Amino acid sequence: MNNIYPIFDKMLSRADKEKLLGQRGLMIWFTGLSGSGKSTLAIALERELQQRGLLCRILDGDNIRSGINNNLGFSPEDRVENIRRIAEVGKLFVDTGIITIAAFISPNNELREMAAHIIGADDFVEVYVSTPIEECERRDVKGLYAKARRGEIKEFTGVSAPFEAPQHPALSLDTSKFSLEESVNRLLHLILPKVSAPLSKE
Ligand SMILES: Nc1ncnc2c1ncn2[C@@H]1O[C@H](COP(=O)(O)OS(=O)(=O)O)[C@@H](OP(=O)(O)O)[C@H]1O
Ligand SMILES: Nc1ncnc2c1ncn2[C@@H]1O[C@H](COP(=O)(O)OP(=O)(O)O)[C@@H](O)[C@H]1O
């Protein structure tokens with residue numbers, strides 16, 4: 001870092017911000033195929049947390065790939081850069097004490113491990129939305145699977161690009177088996193104890 005002088009030691013600490021908010025910052029990282037339910041779960045979870053007085057921020061394709069990452073595509077290299085920037089931005093939110101909910105395909109362990117490393121393993125909760133591809137394709141919310149099958153989209157995850165399932169997610173949710181309400185209840189059970197109190201030190 002040539003000629004870069006961080007000012008972190010002069011800024012108010014994360015603990016100060018968490019005390020102000022009365023909550024602990026955390027990254028909830030959804031991974032899964034297109035159409036598996038990541039965005040739907042993120043939105044429903046945010047509403048439930050906000051109703052409990054907890055401040056959240058969703059990061060997903062709509063606010064990231066149309067903005068900060070609008071120069072990136074879906075090659076393996078671009079997916080790495082996509083996830084790297086998302087993790088760096090996510091870390092800023094987490095360090096502000098905000099419960100941050102990321103909804104990205106993030107299709108392999110290396111990408112997710114990079115995100116966890118940038119954010120910090122203690123602040124990173126991996127949730128695998130494990131809905132089978134058959135169901136995602138049946139839903140085909142955006143018509144992308146049909147286009148991919150016709151060869152109109154290259155490197156489409158699950159069709160012409162790989163998806164590697166996480167090995168040890170904190171939670172797996174198959175939305176073809178669980179209702180949205182059931183999934184959100186499982187998420188709340190996992191997350192509420194982790195975010196309800198600010199960090200005591202720092
Ligand atoms: N080639 C290809 N492969 C996969 N997905 C594609 C592709 N092209 C466009 N889309 C749309 O982009 C959304 C996935 O973006 P992500 O940023 O989550 O992908 S990744 O984490 O970088 O793999 C994904 O949105 P979601 O349905 O929300 O997952 C798709 O709508
Ligand atoms: N139990 C469920 N949980 C979540 N989504 C569901 C469920 N059942 C059906 N769906 C539908 O599946 C689709 C998932 O799309 P979306 O949330 O955009 O997925 P992703 O963000 O993973 O691409 C939505 O149209 C949603 O209404």
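Note that this is a predicted model, so its numbers are computed, not measured.

Chemist: When you look at the overall build of the protein in this model, what are you seeing that I'm missing?
Modeler: Counting secondary structure elements, the protein contains eight helices and five strands. Taking 202 residues into account, the globule formula puts the C-alpha radius of gyration at 17 Å, and the protein, at 17 Å, falls close to it. When the backbone C-alpha atoms are referred to their principal axes, the protein occupies close to 55 × 45 × 30 Å. By residue count, 45% of the 202 residues in the protein fall in the buried class. Taking the intrachain contacts of the protein between residues at least 6 apart in sequence as the baseline, contacts between residues at least 24 apart amount to 76%. For the protein, the exposed surface amounts to about 11,200 Å²; the carbon and sulfur share of it is 53%.

Chemist: Please explain the pattern of salt bridges as it appears in this structure.
Modeler: For side chains of opposite charge, pairing can occur when their charged atoms come near one another. Per the stated rule, a full pass over the model turns up 15 salt bridges. The salt bridge involving Glu81 is made with Arg84; its shortest N-O contact spans 2.9 Å. Here Arg84 and Glu81 lie together in helix α4 (residues 76-94), a separation of three residues that amounts to about one turn. We classify Arg84 as partly exposed; its relative accessible area is 34%. The residue Arg139 makes a salt bridge to Glu135 at a minimum N-O spacing of 3.1 Å. One end of the pair is Arg139 and the other is Glu135, both in helix α6 (residues 133-139) and four residues apart, which spans about a single turn. Put simply, Arg14, Glu18, Arg24, Lys91, Asp95 and Asp123 are held in one network by salt bridges that share partners.

Chemist: What exactly am I supposed to notice about the packing of α4 against helix α5 (residues 109-119) here?
Modeler: When two helices pack together, their arrangement is given by the angle between the helix axes and by the axis-to-axis distance. For the pair α4 and α5, interaxial distance at closest approach is 9 Å and the crossing angle is 25°. With respect to α5, the element α4 is oriented roughly parallel. As for the relative orientation of α4 and α5, their crossing is right-handed in sense. Across from Arg79, Val80, Ile83, Arg84, Ala87, Glu88 and Lys91 in α4, the residues of α5 making contact are Leu111, Met114, Ala115, Ile118 and Ile119. Grouping the amino acids of the contact of α4 with α5 by side-chain chemistry returns eight nonpolar, no polar and four charged.

Chemist: How should I be thinking about the site of ligand 1 in this particular structure?
Modeler: Near ligand 1 lie 19 residues; those nearest to it are Ser34, Arg65, Asn82, Ser106 and Glu155. Separating an oxygen atom of ligand 1 from a side-chain N or O atom of Asn82 is a distance of 2.8 Å. Separating an oxygen atom of ligand 1 from a backbone N or O atom of Ser106 is a distance of 2.8 Å. Relative to its unbound accessible surface of 630 Å², ligand 1 loses 88% to contact with the protein. Of the pockets mapped on this structure, ligand 1 occupies the largest pocket. With three residues, the single largest contributor to the shell around ligand 1 is α4. Each residue belonging to the shell around ligand 1 can be placed in one class, and the counts come to eight nonpolar, five polar and six charged.

Chemist: Honestly, the site of ligand 2 in this entry has me stumped. Any pointers?
Modeler: Gly35, Lys38, Ser39, Thr40 and Phe178 are the nearest of the 14 residues found near ligand 2. The contact in question runs from an oxygen atom of ligand 2 to an N or O atom on the side chain of Lys38, over 2.8 Å. For ligand 2, a nitrogen atom lies 3.4 Å from a polar atom in the backbone of Leu180. When the free accessible area of ligand 2 is taken as 580 Å², the share hidden by the protein chains comes to 74%. When atoms are counted within 2 Å of each cavity's grid points, the one that captures over half of ligand 2 is the largest pocket. Sort the elements by how many residues they give to the shell around ligand 2 and helix α2 (residues 38-51) lands first, with three residues. Here the residues of the shell around ligand 2 are counted per class, giving four nonpolar, eight polar and two charged.

What counts as what
- Residues numbered from 1 in each chain as written.
- Chains lettered and ligands numbered in written order.
- Predicted model: local features only at pLDDT ≥ 70, side-chain atom pairs only at ≥ 80, totals over all residues.
- Heavy atoms only, no water.
- Helix = DSSP H or I, 4+ residues; strand = E, 2+ residues; numbered from the N terminus.
- Rg over C-alpha atoms; globule rule 2.2 N^0.38 Å.
- Buried < 20%, exposed > 50% of the residue type's maximum accessible area, 1.4 Å probe, protein only.
- Contact = heavy atoms within 4.5 Å.
- Areas by Shrake-Rupley, 256 points an atom, 1.4 Å probe, with all protein chains shown as cover.
- Salt bridge = Lys/Arg side-chain N within 4 Å of Asp/Glu carboxyl O.
- Axes fitted to C-alpha atoms, helices over the stretch in contact; angles between N-to-C directions.
- Parallel < 35°, antiparallel > 145°, perpendicular 65-115°, else oblique.
- Left-handed = near helix turned anticlockwise from the far one by under 90°.
- Nonpolar A, V, L, I, M, F, W, Y, C, P; charged D, E, K, R; others polar.
- Near = heavy atom within 4 Å.
- Polar contact = N/O pair within 3.5 Å; in protein donor to acceptor, adjacent residues only side chain to side chain.
- 1 Å grid on protein atoms, 1.4 Å probe; cavity = no way out; pocket = protein on both sides within 12 Å on 5 of 7 lines; lining within 4 Å.
- Sits in = over half its atoms within 2 Å of the grid points.

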